[in-house]
Amino acid sequence: MDKKERRNRILDILGVFAGGALVGMIWMLVMAVIIIGQDGLSLLQAKDAIEHRFVGEYDREAQMDAMLEAMVDSLGDEWSYYMTEEEFQASRTRSQGRYVGIGITINREQKDGIHIDSVSSDGPAQAAGVQAGEIIRSVAGESVTPETWQACVEAIKGEAGNSLTLEVQGEDGSLRQVELVRESIQSRLVSTQMLPDQIGLLSITRFSQGASEQLRQGLEELTQAGAQGLILDLRYNPGGQVDEMAAVLDQFLPEGPIFISRDAKGREKVKNADADCIQLPLVVLVNRESYSAAEFTAAMLQESGRATVVGVQTYGKGYAQQSLKLLNDSAIHISTSCYYLPSGRSLAGTGLTPDVVRPLSQEDEKRLLIGALPQEEDAQLQAALSALLDGM
C-alpha cells in the first residue's frame, strides 16, 4: 500500500469516527429532549447563556438555590419546599430524634431575633437558665437580624463539646450574656404524667424516629402505676413520619386498616394495626397547630370510636411528603401522595372537628406553647379530664 492509499485509508477511518460521534451527539440530544423536554432544555440553555455571556459577577450556588426554590414554590403547594444542603442535613438530624445543640425549639416565622418557643429538660440551655419566651439577640458576637438569622441558627448547632456565648433578652427586656457548651441531645418526644383520679397524660411533641417506642415505654409506666384512663396531648405537634404514626396508632387500635395512601400514579398502600392494643378509656387533645400525622392520629382514633377528641378545629392536611436528595446534596421536599382514613375520607381542606370544642384565649395559647400555662388553667385539658371521667 503506497503513501496515497494509506492516507486515504486513514481519512476514511477518521470519517467513520467523526460520523459516529456526530450521530452519537444527535442521539444524546434526542434523548435529552425526550427525558427532560423542551422546558428542561430551555433551563439548561438559560443557565449556559448566563455562565458564558453574562458580564457581571454572581454566586453560582445562590443561583442554583434560587432556581430550585422557585421551581418548588411554583407548585403552589404549601407543604412542598426546597432545602439547601445545610437545611436538608438539619432536617434529617431532626427526623432521627438526635441533634447537636443547646436544647431549644425556636419560632421560624419571626426573624428579628431567635425567639425561643420551648426549652428541653436537662439540656445546656435549661442548665444555663434560658427560658421559653426569651429571645436570642446575638450568637458568638454576631447580632441576629433578618439577614443573619439563618447563619446564627446554624452557629448555635456547631459541634458537641464546644462552648458558645449568647446574648439573651428576657421577657422584661433586659439583656444578659449566657455561656453554654453544646451537647449531643436525644430529643424527648413523649412525656408522661399521672394526674389526679389515676388519669395518665401522654404528650407527643413530634412523630420523629423513636416516638412510638417512647410512647410504648410511657404506656407501660402509666399502666404499672395504675392508670385507669389516658389523655393523649397532640397540641402543637407538627407531625412527622408515617411509620411512627402508624406504630403509635397500632398501640391504641385493634387489628385492621389504619392508614391509606395513594401516589401520583394511583398506586395504593394500606397500613394495618395488629390485634394487640391498650384498651383504657382515651381522650385526645388537638389544636390548630396539630398537623399532618398528629391530625390524622386524632381523626383515626375518633372515627374508629376509640377516643373522644377535645380542642378546636384542625387545619386540614391530606398529603404526605418525601424529601428527595438532589445531586448537589440539596433536596426538594414535595407532596408525593394523598392519604385517607379507612372510610375513604380525606382531611385535606376540612380538618378534624373535635367532639368537644373548647378554644383557648390567645394569651393562654401562648402560655401553653412555652409551657407556662398551669394545668388547672388549661381549659382544654380540664375539658378532656371531664370527658374522660364522665365516660369511665
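Further up the page is the structure itself.
Below is a summary of the structure that appears in this document. Everything numeric here is computed off the predicted structure, so don't read it as measured data.

**Quick word on the overall build of the chain**
Piece 1. When helices and strands are counted, the chain shows 10 helices and 19 strands.
Piece 2. By the compact-globule yardstick of 21 Å for 392 residues, the chain is too spread out, its C-alpha radius of gyration being 28 Å.
Piece 3. In terms of principal-axis extent, the alpha carbons of the chain reach across some 110 × 55 × 35 Å.
Piece 4. The buried share of the chain, reckoned over its 392 residues, is 39%.
Piece 5. Put simply, 65% of the contacts in the chain that link residues at least 6 apart link residues at least 24 apart.
Piece 6. Looking at the chain as shown, the accessible area adds up to about 21600 Å², and 52% of this sits on carbon and sulfur atoms.

**Thoughts on the packing of aromatic side chains**
Piece 1. In the structure shown here, the tally under the stated rule is 7 aromatic pairs.
Piece 2. Measuring from ring centre to ring centre gives 5.9 Å for Trp-79 and Tyr-291, while their planes differ by 65°; the resulting arrangement is edge-to-face. In this pair, Trp-79 is assigned in the loop between helix H2 (60–73) and strand S1 (81–83) and Tyr-291 in the loop between strand S15 (282–286) and helix H8 (292–303), connecting sequence segments 212 residues apart.
Piece 3. Ring geometry for Trp-79 versus Tyr-315: centroids 5.8 Å apart, planes at 90°, classification edge-to-face. Here Trp-79 is found in the loop between H2 and S1, whereas its partner Tyr-315 is found in the loop between strand S16 (308–311) and strand S17 (319–325), with 236 residues between them in sequence.

**Digging into the sheet that holds strand S10 (residues 190–195)**
Piece 1. Across the sheet, 6 strands lie side by side as S10-S11-S12-S15-S16-S19; this open sheet has mixed pairing. Among the strands making up the open sheet, the edge pair consists of S10 and strand S19 (356–357).
Piece 2. Summarising the sheet, strand S12 (residues 229–233) and S15 pair through 4 bridges and their orientation is parallel. For Ile-231, the partnering residue across the bridge sits in S15 and is Val-283.
Piece 3. The sheet strands contacting helix H6 (residues 211–224) are S10, strand S11 (199–204) and S12, and the helix crosses S10 at an angle near 15°.

**Comments concerning the environment of Arg-137**
Piece 1. Of note, Arg-137 is situated in strand S5 (residues 135–139).
Piece 2. Residues within four places of Arg-137 in sequence aside, it is in contact with Asp-112, Gly-113, Glu-142, Ser-143, Val-144, Glu-167, Gln-169 and Leu-175.

Cut-offs used in this document
- Residues numbered from 1 in each chain as written.
- Predicted model: local features only at pLDDT ≥ 70, side-chain atom pairs only at ≥ 80, totals over all residues.
- Heavy atoms only, no water.
- Helix = DSSP H or I, 4+ residues; strand = E, 2+ residues; numbered from the N terminus.
- Rg over C-alpha atoms; globule rule 2.2 N^0.38 Å.
- Buried < 20%, exposed > 50% of the residue type's maximum accessible area, 1.4 Å probe, protein only.
- Contact = heavy atoms within 4.5 Å.
- Areas by Shrake-Rupley, 256 points an atom, 1.4 Å probe, with all protein chains shown as cover.
- Phe/Tyr/Trp six-rings, centres within 6.5 Å; stacked < 30°, edge-to-face > 60°.
- Pairing = 2+ DSSP bridges.
- Axes fitted to C-alpha atoms, helices over the stretch in contact; angles between N-to-C directions.

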